[in-house]
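Summary of the model geometry
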Amino acid sequence: WSLHRTWGGSLTENIVQALARIVVFDQAMYFQGKYGYRVATRTHDELVYVVDDAKASEVKNLLLETMKTPPTWATGLPLSAEAGIGKSYGGAK
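Here goes a summary of the coordinates provided. (Residues numbered from 1 in each chain as written. Predicted model: local features only at pLDDT ≥ 70, side-chain atom pairs only at ≥ 80, totals over all residues. Heavy atoms only, no water.)

Comments concerning the environment of P78
Mapping P78 onto the fold places it in the loop between helix 2 (56-67) and helix 3 (89-92). For the pair P78 and K68, spaced ten residues apart in sequence, the C-alpha separation works out to 8.1 Å. (Helix = DSSP H or I, 4+ residues; strand = E, 2+ residues; numbered from the N terminus.)

Considerations on helix 2
The end-to-end C-alpha separation of helix 2 is 16 Å, in line with the 16 Å expected for twelve residues at 1.5 Å each. Along helix 2, the residues classified as buried are A56, V59, L62, L63, L64, T66 and M67. (Expected span 1.5 Å × (residues − 1). Buried < 20%, exposed > 50% of the residue type's maximum accessible area, 1.4 Å probe, protein only.)

Quick look at the packing of aromatic side chains
Summed over all chains, the structure comprises three aromatic pairs. Each ring, one from F31 and one from Y35, has its centre 5.0 Å from the other, and the planes form 50°; the classification is tilted. One end of the pair is F31 and the other is Y35, both in helix 1 (residues 8-35) and four residues apart, which spans about a single turn. Ring plane angle 65° and centroid distance 5.3 Å describe the contact between F31 and Y49, whose orientation is recorded as edge-to-face. Taken together, the positions of F31 in helix 1 and Y49 in the loop between strand 2 (46-48) and helix 2 put the pair 18 residues apart, joining distant regions of the chain. Judged on exposure class, the residue F31 and its partner Y49 are both buried. By the ring-pair criterion, three or more aromatic residues cluster together here, those being F31, Y35, Y37 and Y49. Here R21 stacks its cationic end above the ring of F25, 4.6 Å away from the centre of that ring. (Phe/Tyr/Trp six-rings, centres within 6.5 Å; stacked < 30°, edge-to-face > 60°. Lys NZ or Arg CZ within 6 Å of the ring centre and 35° of its normal.)

A word on helix 1
For helix 1, spanning 28 residues, the distance from its first C-alpha to its last is 40 Å, which sits close to the expected 40 Å at 1.5 Å a residue. For helix 1, every residue scored as buried is listed here: V23, V24, Q27, A28 and F31. Of the surrounding elements, those touching the buried residues of helix 1 are strand 2 and helix 2. G36 sits one or two residues past helix 1 and shows a positive phi near 85°. (Contact = heavy atoms within 4.5 Å.)

Observations regarding the packing of helix 1 against helix 2
At their nearest, the axes of helix 1 and helix 2 sit 10 Å apart, and the two run at 135° to each other. The angle between helix 1 and helix 2 falls in the class oblique. Here helix 1 runs over helix 2; the crossing is right-handed. Across the interface between the two elements, V24, Q27, Y30, F31 and Y35 of helix 1 pack against V59, L62, L63, T66 and M67 of helix 2. (Axes fitted to C-alpha atoms, helices over the stretch in contact; angles between N-to-C directions. Parallel < 35°, antiparallel > 145°, perpendicular 65-115°, else oblique. Left-handed = near helix turned anticlockwise from the far one by under 90°.)

Description of the side chain of T66
Topologically, T66 is positioned in helix 2. Look at T66 and you get buried, because its relative accessible area is 8%. A polar side-chain atom of T66 sits 3.0 Å from the main-chain carbonyl oxygen of L62. Setting aside its immediate chain neighbours within four residues, T66 contacts Q27, Y30, F31 and Y35. (Polar contact = N/O pair within 3.5 Å; in protein donor to acceptor, adjacent residues only side chain to side chain.)

Distances and angles like these do not, on their own, reveal function.
Put into structure tokens, the structure is as follows:
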């Protein structure tokens, strides 16, 4: 064991990113279980789905509703989300 100094901002950022990953992963699993859509790719605070054009708006609205709902273990956690639709990953941003 040895002592390491770290900047408080880095520690805070890592904790926030870890919690974001947990919340978003839980939301993705809930969304898959309820609606059957599987994540195509994700980062610690982002989910990407590939769906038919005809269902894109519906899935977007369902996903936004899901992602704005806090987990049961963090009732009252203020969450917000934004979403885009595009033919490519870059086009959806």
